[in-house]
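In case you want the letters, here they are:
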Amino acid sequence: MAQISLRVDDDVKRGAEQTLADIGLSMSTAINVFLRKVAREGRIPFELSVDPFYSESNIRYLEGIMQDVKDGKAHFAEHDLIEVD
């Protein structure tokens, strides 16, 4: 049996321990479940994605808006607050 040592943020560890305890799993068991699934499926068993806000195309779009603001080309209009449930 192999042993793995890793570092993780304290808040992340506490949150994960609480969630896993609520489910009835230890941290070790949960990590073993994850690693077995990775080995069996040959992939990370969930989707990983980047926040689209930081995508290259969105950054270019936002930079364009900022340039419009600096050049006085941006038009702003007051509106009522939109609340979403």
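The structure contained in this document is the topic of the report that follows. Being a predicted model, the structure only gives us computed values, none of them experimental.

### Remarks on the pattern of salt bridges
Logical step 1: This model, assessed by the stated rule, comprises 5 salt bridges.
Logical step 2: One salt bridge connects Lys13 with Glu17, and the closest N-O pair in it is separated by 2.7 Å. A residue pair is termed a helical-turn pair when its members lie 3 or 4 positions apart in one helix, as Lys13 and Glu17 do in helix α1 (residues 10–23) at 4 residues.
Logical step 3: Note on Glu17: relative accessible area 34%, which makes it partly exposed.
Logical step 4: Lys37 is the partner of Glu41 in a salt bridge, and the nearest nitrogen-oxygen pair spans 2.6 Å. With Glu41 and Lys37 both in helix α2 (residues 27–41) and 4 residues apart, this pair spans about one turn of that helix.

### Some words on the environment of Leu20
Logical step 1: Mapped onto the fold, Leu20 is located in helix α1.
Logical step 2: Between the C-alpha atom of Leu20 and that of Ala30, which follows or precedes it by 10 residues, the distance is 7.5 Å.
Logical step 3: Among all residues touching Leu20, those that are not within four sequence positions of it are Leu25, Ser26, Met27 and Ala30.

### Focus: a nonpolar patch on the surface
Logical step 1: Residues Ile4, Leu6, Val8, Val12, Ile31, Phe34, Leu35, Ile44, Phe46 and Leu48 make up a contiguous nonpolar surface patch of about 900 Å² in total accessible area.
Logical step 2: The leading source of residues in the nonpolar patch is α2, at 3 residues.
Logical step 3: Within the secondary structure, Phe34 sits in helix α2.

### With respect to the layout of surface pockets
In this approach, a probe sized like a water molecule rolls over the atoms, and the result shows the empty space that is left.
Logical step 1: For the largest pocket, the calculated volume is near 450 Å³.
Logical step 2: What lines the largest pocket is a set of 18 residues, and nearest its centre among them are Ile4, Leu6, Met27, Ser28 and Ile31.
Logical step 3: Only α1 and α2 provide two or more residues apiece to the lining of the largest pocket.
Logical step 4: With 7 residues, the single largest contributor to the lining of the largest pocket is α2.
Logical step 5: Here the residues of the lining of the largest pocket are counted per class, giving 12 nonpolar, 4 polar and 2 charged.

The rules behind the values
- Residues numbered from 1 in each chain as written.
- Predicted model: local features only at pLDDT ≥ 70, side-chain atom pairs only at ≥ 80, totals over all residues.
- Heavy atoms only, no water.
- Salt bridge = Lys/Arg side-chain N within 4 Å of Asp/Glu carboxyl O.
- Helix = DSSP H or I, 4+ residues; strand = E, 2+ residues; numbered from the N terminus.
- Buried < 20%, exposed > 50% of the residue type's maximum accessible area, 1.4 Å probe, protein only.
- Contact = heavy atoms within 4.5 Å.
- Patch = residues over 30% accessible without salt bridge, like charges linked within 9 Å, V, L, I, M, F, W, Y side chains within 5 Å.
- Areas by Shrake-Rupley, 256 points an atom, 1.4 Å probe, with all protein chains shown as cover.
- 1 Å grid on protein atoms, 1.4 Å probe; cavity = no way out; pocket = protein on both sides within 12 Å on 5 of 7 lines; lining within 4 Å.
- Points joined across faces, edges and corners; volume = space filled by probe spheres on them.
- Nonpolar A, V, L, I, M, F, W, Y, C, P; charged D, E, K, R; others polar.

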